[in-house]
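# A look at the structure
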Amino acid sequence: MTITVQREQELLSRVPTGLLIGGEWRDASTGKTFDIEDPATGKTLLTIADASPEDGMAALDAAVAAQEDWARTAPRERGEILRRAFELVTERAEDFALLMTLEMGKPLAEARGEVTYGAEFLRWFSEEAVRSSGRYGMAPDGKTRILVNKKPVGPCLLITPWNFPLAMATRKIAPAVAAGCTMVLKPANLTPLTSSLFAKVLEEAGLPAGVLNIVHTSDAGGVTGPLIKDSRLRKLSFTGSTPVGRRLLADASENVLRTSMELGGNAPFVVFEDADLDAAVAGAMLAKLRNMGEACTAANRFIVHESIAAEFASKFAARMDAMTPARGTEDNSKLGPLIDEKSRQKVHELVTGALDDGATCVTGGAPVDGPGYFYAATVLTDVAPDSRILQEEIFGPVAPIVTFATEDEAVRLANNTEYGLVAYVFTRDLNRGLRIGERLDTGMLGLNAGVISNAAAPFGGVKQSGLGREGGYEGIEEYLYTQYVGIADPSA
């Protein structure tokens, strides 16, 4: 059923609008605030505190003060906090889903899926908290014993993007909590409300004061820059664009900070002539329209065998044409708005540029009239190989299609990008799928699957798509360092 205004206002009244520093919700030191906008209407949802550099430093002070005690906390206790948080988020799934829909725009049904996905990081790392282990053994020469410990890295700066407000927070916070690290979280200034509501859940679950601190701000560089240069900070985890990631890596090099970078993508979606075409179209819808295409994992380039390209484009366009643009709280919403007008303008520039280069618009191709930042689901064919739309992240509901004739050509087209986050391959031939997977420069591969993100799997890319992994057994390692202790022979 359609969400009422009263339900929206009741939920928003329970969202903290202050900064969380040392266990206290407080106003910005300067008293400044900024507005959070509903991208489906352009109207203000809430006005929240706008952190200053001094607030950011106070948050780091709190994290540093809490680090020693938190690192000594029993792994089981850390795990139980995460487990309680998982249960609370699951119980309040409708609150989190609605809040994400309001501040980010995605349809409510999709927001519910994000709650399930985001909560799984809490459950997964609640189990991993007690499994970090080292080793003990005799050195090869028999003269010493080797003791290897895993220890928390220390205070972390976590910078999350706007497109998955809950999942990006839990994917970073959960392994940090499990490992015994304290944190300063800087959520995206477009969608910070979900992080604040989640912080309240963590407080209720028993997370001690100062372990998680939140500073939302309209001056991201001014607040995070001094923290990255502070020698007390031990780790930086960032999800966002590659250009920003490069700048942060340069800043982090000054103190040789431990870094995790989940950066941009330009995912190829390769469809071979033997693919189940209906399954490929269904997979394309998932890979393209998750989050209205505003995802680093979104399929950006559809590389389809020339013998089936026309049929694929026709079926794909029919499905895309049926995607109803509407505010995410409406019953008929299948396609939410883009996050802001600047993003919509960029998407339209890419589309018009491709059309100017000779592409054909099969469906869509324009902004949707009315309030909000909606863009029609779009399919383009005959896209020129050097078109800008094939080189950049689209971050919108636009699918450019190019064709290939041979496996070698498909691999060449797929790898023709500076990015390497995820790729998708559809074929009935398992050997071909595995063979192509081995040749693709990508950190993740969806084989006959349009969505592969999972808390139990390592998420991350190669080339300019980033460093490190989030999720899976590998996820907690990003927040631990290895200490070796050499022990004299006890029998000497």
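Going by the structure above, here's the rest.
Right, let's walk through the structure included here. Worth saying up front: this structure is predicted, and the values here are computed from it rather than measured.

How each quantity is defined
- Residues numbered from 1 in each chain as written.
- Predicted model: local features only at pLDDT ≥ 70, side-chain atom pairs only at ≥ 80, totals over all residues.
- Heavy atoms only, no water.
- Salt bridge = Lys/Arg side-chain N within 4 Å of Asp/Glu carboxyl O.
- Helix = DSSP H or I, 4+ residues; strand = E, 2+ residues; numbered from the N terminus.
- Contact = heavy atoms within 4.5 Å.
- Pairing = 2+ DSSP bridges.
- Axes fitted to C-alpha atoms, helices over the stretch in contact; angles between N-to-C directions.
- Phe/Tyr/Trp six-rings, centres within 6.5 Å; stacked < 30°, edge-to-face > 60°.
- Buried < 20%, exposed > 50% of the residue type's maximum accessible area, 1.4 Å probe, protein only.
- Expected span 1.5 Å × (residues − 1).
- Polar contact = N/O pair within 3.5 Å; in protein donor to acceptor, adjacent residues only side chain to side chain.
- Core = buried A, V, L, I, M, F, W, Y, C linked by side-chain atoms within 4.5 Å.

## As for the pattern of salt bridges
- For the structure on display, the rule yields 34 salt bridges.
- A salt bridge links Arg-123 to Glu-120; the nearest nitrogen and oxygen atoms lie 2.5 Å apart. Separated by 3 residues within a single helix, Arg-123 and Glu-120 lie in helix α5 (residues 108–128), roughly one turn from each other.
- Within this structure, Glu-273, Asp-274, Glu-407, Arg-432 and Arg-435 form a network of salt bridges that share partners.

## Some remarks on the side chain of Thr-381
- Relative to the helices and strands, Thr-381 resides in strand β15 (residues 378–381).
- Excluding its chain neighbours within four sequence positions, the residues that come into contact with Thr-381 are Ala-313, Ala-359, Thr-360, Val-362 and Ile-401.

## Describing the sheet that holds strand β12 (residues 267–271)
- With mixed pairing, 7 strands are arranged side by side in an open sheet as β14-β15-β16-β13-β12-β17-β18. The sheet terminates laterally at β14 (360–363) and β18 (444–447), the two strands that pair on one side only. Mean inter-strand twist for the sheet, computed between neighbouring axes without regard to direction, equals 25°.
- As paired strands, β14 and β15 are joined by 3 bridges and run antiparallel to one another. What sits directly across from Thr-363, in β15, is Val-379.
- Against the sheet, helix α11 (residues 309–321) contacts β12, β13 (299–305), β14, β15 and β16 (398–404), and its axis sits at roughly 170° relative to β16.

## Section: the pairing of strand β5 (residues 135–138)
- Here β5 runs beside strand β6 (residues 144–152); their pairing, made up of 4 bridges, is antiparallel. In the strand pairing of β6, Tyr-136 is matched with Leu-147.
- What sits between the antiparallel neighbours β5 and β6 is a turn of 5 residues, in which Gly-142 has the positive phi angle 75°.

## A short note on the sheet that holds strand β20 (residues 480–488)
- One open sheet accounts for 3 strands, arranged β5-β6-β20; its pairing is antiparallel. If you trace the sheet from one side to the other, it starts and ends with β5 and β20, each paired once. Direction aside, the axes of adjacent strands within the sheet are offset by 20° on average.
- Across 9 bridges, the pairing between β6 and β20 is antiparallel. Each bridged residue has a counterpart across the sheet, and for Ile-146 the counterpart in β20 is Gly-486.

## Comments concerning the packing of aromatic side chains
- Within this structure, the stated rule accounts for 10 aromatic pairs.
- Summarising the aromatic geometry, the rings of Tyr-117 and Phe-121 are spaced 5.1 Å apart at their centres and angled 70° between planes, so their arrangement reads as edge-to-face. Placement of both Tyr-117 and Phe-121 in helix α5 is noted, with a separation of 4 residues, approximately one turn of the helix. For the pair Tyr-117 and Phe-121, a shared accessibility class is recorded, and that class is buried.

## Let's talk about helix α3 (residues 75–91)
- The end-to-end C-alpha distance of α3 is 24 Å, a good match for the 24 Å that 17 residues give at a rise of 1.5 Å each.
- Within α3, burial applies to Arg-78, Gly-79, Ile-81, Leu-82, Ala-85, Phe-86, Leu-88 and Val-89.
- Buried residues belonging to α3 abut α2 (53–72), α4 (93–104), α5, α6 (167–179) and α7 (193–205).

## Comments concerning unusual backbone geometry
- Despite not being glycine, Asn-291 has its phi angle at roughly 65°, a positive value.
- Tracing the backbone through its elements, the reader meets Asn-291 in the loop between α10 (277–289) and β13.

## Considerations on the environment of Gln-345
- When you line up the elements, Gln-345 lands in helix α12 (residues 341–356).
- Assessed through its relative accessible area of 42%, Gln-345 is described here as partly exposed.
- Gln-345 sits 28 residues away from Tyr-373 along the chain, and the two C-alpha atoms are 9.4 Å apart.

## Remarks on the side chain of Thr-217
- Along the polypeptide, Thr-217 turns up in the loop between β9 (212–214) and α8 (220–229).
- On the basis of relative accessibility, which here comes to 1%, the residue Thr-217 falls in the buried class.
- At 2.9 Å, the side chain of Thr-217 and the backbone oxygen of Ala-51 are in polar contact.

## What about the pairing of β16?
- The buried fraction of β16 amounts to 6 of the 7 residues, a majority that puts the element mostly inside the structure.
- In this structure, β13 lies alongside β16, joined through 4 bridges in parallel fashion. Opposite Ile-303, over in β16, you have Val-402 as the bridge partner.

## Considering the nonpolar core
- One finds Val-89, Ile-173, Phe-198 and Leu-212 to be the most contacted residues of the largest nonpolar core, which totals 67 residues.
- In contact with Phe-198, other than residues within four places in its own chain, are Val-89, Phe-96, Leu-122, Leu-166, Thr-170 and Ile-173.
- In this structure, Ala-267, Phe-312, Val-425 and Met-444 belong to the second largest nonpolar core, which totals 65 residues.

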